[in-house]
Amino acid sequence: MKSEITTVGSGEIRLSKIILGSSDYLKLNNMPKVHTMFGAYVNAGGLAIDTARHYRDSESVIGEWLREQPRSAYTIITKCCHPVREAPHAPRVTPEDIVQDLTTSLEMLGTDYVDILLLHRDDTTYPVGPLMETLSQLVDEHKIKAFGVSNWTLDRIKEALAYCEEHQLHPITFNSPNLSLAAVNCQRWENTVTADQEMLEWHKVNQFPLIAWSAQAEGFFGHRFKKEDAADPTLKEFVDVYFNELNWKRLAVCDRLAQEKGVKPIQISLAYVLHQPFPVFATIGPEEEWQLQDSLDALDIHLSDEEMESLRKGE
């Protein structure tokens, strides 16, 4: 699997183009499947694993798996400062929350450092300065190698980068918004951010690394849904986000290109994310080994500029 090295102030971060995310099978009583899935990913050359303090037991499960692995061989990404489940609307984006969450994450993961720490949410009423000071200090303490943000607006990212430069701090190194072929009608979860054209252009100009979440749009381009599903109340969360005419047109283009290339439509949609004109990495959440393999095979798909434009336009 193709990997890329990103240079940061404290050294180098190695990232696989496909990052293995935390799926529902990550449970301590399900370790045989964990070993199967993680083993398949590693055997394919994968080295980056994504989790978060908010993801229930995933950090503990990954920690259990890491006990039998050489820690330095893997890039571990975790995220902090998500609201707690008991108070989903109460922001938790403060220096104290960063330190508290990271301390717990390190204990659960059974390691003394994580490679990348992302702020899982933002609170725009809180100043960026103390957050950046805290994250930079954690780099100096060797508890994290690099840090970034997830679900931050471009304006806040620019503000944070400017603060880091002005105060000679370690800078934000990664941005992790939602990015897929799908055009979204609204955000699926509160206070999340989907990369818009302005953000994508900024990434291109600055060659700033992007870690895409929901890179496969919940299986939309794998024909998980049909147009008539719009009336199904059990699918409302997906209907509200993904059901629009442009996405159905983009799905048709995926079908056409998949037939021409002898691959699956959902692989075309993942290849679209991976073909952005800046360093981009896609976090996936396969539940089964065949789903993992489908995603890995998308790395071998080439899309021309004309095909990328056809996907964007849906024609």
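Notes on the structure in this doc start here. Because the structure is a prediction, the values reported are computed rather than measured.

Thoughts on the packing of helix H1 (residues 31-43) against helix H10 (residues 289-297)
The interhelical angle for the contact between H1 and H10, taken along N-to-C directions, is 20°, at an axis separation of 10 Å. As far as their axial angle goes, H10 and H1 are roughly parallel. Crossing handedness for the pair H1 and H10: right-handed. Residue-level inspection shows Thr36, Met37, Ala40 and Tyr41 of H1 in contact with H10, the latter providing Glu289, Leu292 and Leu296. When grouped by side-chain class, the residues that make up the contact of H1 with H10 number five nonpolar, one polar and one charged.

Concerning the pairing of strand S5 (residues 75-80)
S5 sits mainly inside the fold: six of its six residues count as buried. Residue alternation in S5 divides its side chains into two sets, Thr75, Ile77 and Lys79 and Ile76, Thr78 and Cys80, and both sets are buried. Taken together, the three bridges between strand S4 (residues 48-50) and S5 define a ladder with parallel strand orientation. Bridging across to S5, Ile49 finds its partner in Ile76.

Observations concerning the packing of H1 against helix H2 (residues 58-66)
Two packed helices can be described by the angle between their axes and the distance between those axes. As a packed pair, H1 and H2 sit with axes 11 Å apart at the nearest point and diverge in direction by 70°. On the basis of their axis angle, the class for H1 and H2 is roughly perpendicular. With respect to the hand of their crossing, H1 and H2 are arranged in right-handed fashion. Of the residues in H2, those in contact with Met31, Val34, His35, Phe38 and Val42 of H1 are Val61, Ile62, Glu64 and Trp65. Residues belonging to the contact of H1 with H2 are distributed by class as follows: seven nonpolar, one polar and one charged.

Basis of the calculations
The numbering scheme is per chain: residues are counted from 1 as the chain's sequence reads. Given that the model is predicted, a residue must reach a pLDDT of at least 70 before its local features are reported, and side-chain atom pairs must reach 80 or more before they are shown or counted; all residues, however, enter totals for whole chains, interfaces and linings. To get the side-chain values, take all heavy atoms of the structure and skip hydrogens and water. For helices, the fitted axis covers only the stretch in contact; all axes are lines through C-alpha atoms, and the angles between them, taken along N-to-C directions, range from 0 to 180 degrees. Helix and strand assignments follow DSSP, with helices taken as H or I runs no shorter than four residues and strands as E runs no shorter than two, numbered in order from the N terminus. Here is the rule for angles: anything less than 35 degrees is roughly parallel, anything more than 145 is roughly antiparallel, 65 through 115 is roughly perpendicular, and the remaining ranges are oblique. Note on convention: the crossing is left-handed when the near helix lies turned anticlockwise from the far helix by less than a right angle, right-handed when the turn is clockwise. Residues count as neighbours in contact if any of their non-hydrogen atoms are within 4.5 Å of one another. Here the term charged refers only to Asp, Glu, Lys and Arg, the term nonpolar to Ala, Val, Leu, Ile, Met, Phe, Trp, Tyr, Cys and Pro, and the term polar to all other amino acids, Gly among them. Think of it in three bands: residues with accessible area under 20% of the maximum for their type are buried, residues over 50% are exposed, and the middle band is partly exposed, with areas taken using a 1.4 Å probe on protein chains only. Criterion used throughout: strands pair if DSSP finds at least two bridges between them.

That is the geometry; function is a separate question.
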